[in-house]
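Remarks on the overall topology
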Amino acid sequence: MQRIVILVSGRGSNAQAILHACTAEGWPARVVAVVSNRPGAAALEFAAQQGIATAVVDHTLHASREAFDAALMQVIDGFAPDLVLLAGFMRILTDGFVQHYAGRLLNIHPSLLPAFAGLHTHRRAIEAGCKLAGATVHLVTPTLDHGPIVAQAVVPVRPDDTPQALAERVLEAEHRLYPLAVGWWVRGELRLDGGVVHHTGEESQLLLP
Ligand code: GAR
């Protein structure tokens, strides 16, 4: 049984989707801990309610990014994870952290990368006149919101969309996309070739509406 640690900063709806997926029969992984950099993160509450171990590594109590990441690594490694998931984890990670988990660190980002890395993705997509938006699950590399793409979900941008309305539509897609991609990883169905991730199973790496 593979061990998953999820890093969160807030609401944790993606973490919840992963936790739910792990309850499916035959799923070869379980979430062993949810770790937050914010003490009040809602994600911690529901994880604890489901009997999942939780931990907080408060970034405000560390003098540098390196010190925070070192403390975070120590906590994560205490749970001996096979896979570490960023799910709305809103901290930039050091190269040392990323390298420590190379190949077993996934992120979900609310845009069709490589478009709109960083923040305010939905507002930027609307302002750019995009007709499609979506979410990306990717392997984490030291460059923010880059790294080999595992899967993407697409949603339409509607003419009257507000950033919030688009965010809700994308988030729904995220809740289907992330468990799908994590399932492939834990079943060993992903192959990295020349910086490109291929899914060796039947399902498409592009999730359409
Ligand atoms: C999600 O939309 C996720 O893609 C995004 O934060 C939200 C977290 O929601 N992540 C990023 O922007 C990371 N760059 P959640 O806490 O309900 O899962």
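Residues numbered from 1 in each chain as written. Predicted model: local features only at pLDDT ≥ 70, side-chain atom pairs only at ≥ 80, totals over all residues. Heavy atoms only, no water.

Looking at an unreviewed UniProt entry, one finds the chain named Phosphoribosylglycinamide formyltransferase and attributed to Pseudaquabacterium pictum. Recorded under Catalytic activity (unreviewed entry), the UniProt text for the chain is reproduced unchanged: "N(1)-(5-phospho-beta-D-ribosyl)glycinamide + (6R)-10-formyltetrahydrofolate = N(2)-formyl-N(1)-(5-phospho-beta-D-ribosyl)glycinamide + (6S)-5,6,7,8-tetrahydrofolate + H(+)". (UniProt positions renumbered as here; feature names shortened; annotations may be inferred.)

On to the overall build of the chain, then. A tally of helices and strands in the chain yields 6 helices and 10 strands. For the chain, whose C-alpha radius of gyration is 16 Å, the value lies close to the compact-globule estimate of 17 Å for 209 residues. Across its three principal directions, the C-alpha atoms of the chain cover 45 × 40 × 35 Å. Buried positions account for 48% of the 209 residues belonging to the chain. For the chain, the accessible surface area stands at approximately 10000 Å², while carbon and sulfur atoms represent 55% of it. (Helix = DSSP H or I, 4+ residues; strand = E, 2+ residues; numbered from the N terminus. Rg over C-alpha atoms; globule rule 2.2 N^0.38 Å. Buried < 20%, exposed > 50% of the residue type's maximum accessible area, 1.4 Å probe, protein only. Areas by Shrake-Rupley, 256 points an atom, 1.4 Å probe, with all protein chains shown as cover.)

Let us now look at the site of the ligand. Near the ligand you find Arg11, Gly12, Ser13, Asn14, Gly88, Met90, Ile108, His109, Pro110, Leu171 and Glu174, and these make up its full shell. Within the side chain of Ser13, one N or O atom sits 2.5 Å away from an oxygen atom of the ligand. Computed on the free molecule, the ligand has an accessible area of 450 Å², of which 87% lies beneath the protein chains in the complex. Elements represented by at least two residues in the shell around the ligand include exactly helix 1 (13-21), strand 5 (105-109) and helix 6 (163-186). Grouping the amino acids of the shell around the ligand by side-chain chemistry returns 4 nonpolar, 5 polar and 2 charged. (Near = heavy atom within 4 Å. Polar contact = N/O pair within 3.5 Å; in protein donor to acceptor, adjacent residues only side chain to side chain. Nonpolar A, V, L, I, M, F, W, Y, C, P; charged D, E, K, R; others polar.)

Turning our attention to the UniProt feature "binding site: N(1)-(5-phospho-beta-D-ribosyl)glycinamide" (unreviewed entry) in the chain. Within this structure's numbering, the places UniProt gives as "binding site: N(1)-(5-phospho-beta-D-ribosyl)glycinamide" (unreviewed entry) are Gly12, Ser13 and Asn14. Here Gly12 shows up in the loop between strand 1 (2-8) and helix 1. On the accessibility criterion, Gly12 (9% relative accessible area) is buried. Look past the residues within four positions of Gly12 in its chain and what remains in contact with it is Ala43 and Phe46. Tracing the sequence through the fold places Asn14 in helix 1. Filtering out sequence-adjacent residues up to four positions away, Asn14 remains in contact with Ala87, Ile108, Leu171, Glu174, His175 and Tyr178. (Contact = heavy atoms within 4.5 Å.)

Reading across the sheet, the 8 strands line up as 3-2-1-4-5-6-7-10 and stay open at both edges, with mixed pairing between neighbours. The strands lining the two open edges of the sheet, one partner per strand, are strand 3 (53-56) and strand 10 (206-207). Bridge count between strand 4 (residues 83-86) and strand 5: 3 bridges; the pairing is parallel. By the bridge assignment, Val84 is partnered in strand 5 with Leu105. Packed onto the sheet, helix 2 (residues 42-49) meets strand 1, strand 2 (29-36) and strand 3 and runs at close to 155 degrees relative to strand 3. (Pairing = 2+ DSSP bridges. Axes fitted to C-alpha atoms, helices over the stretch in contact; angles between N-to-C directions.)

What follows is about the side chain of His122. Residue position: His122 is located in helix 5 (residues 121-127). For His122, a relative accessible area of 14% gives the class buried. With near-sequence residues (within four places) excluded, His122 lies in contact with Pro110, Pro163, Leu166, Ala167 and Val170.

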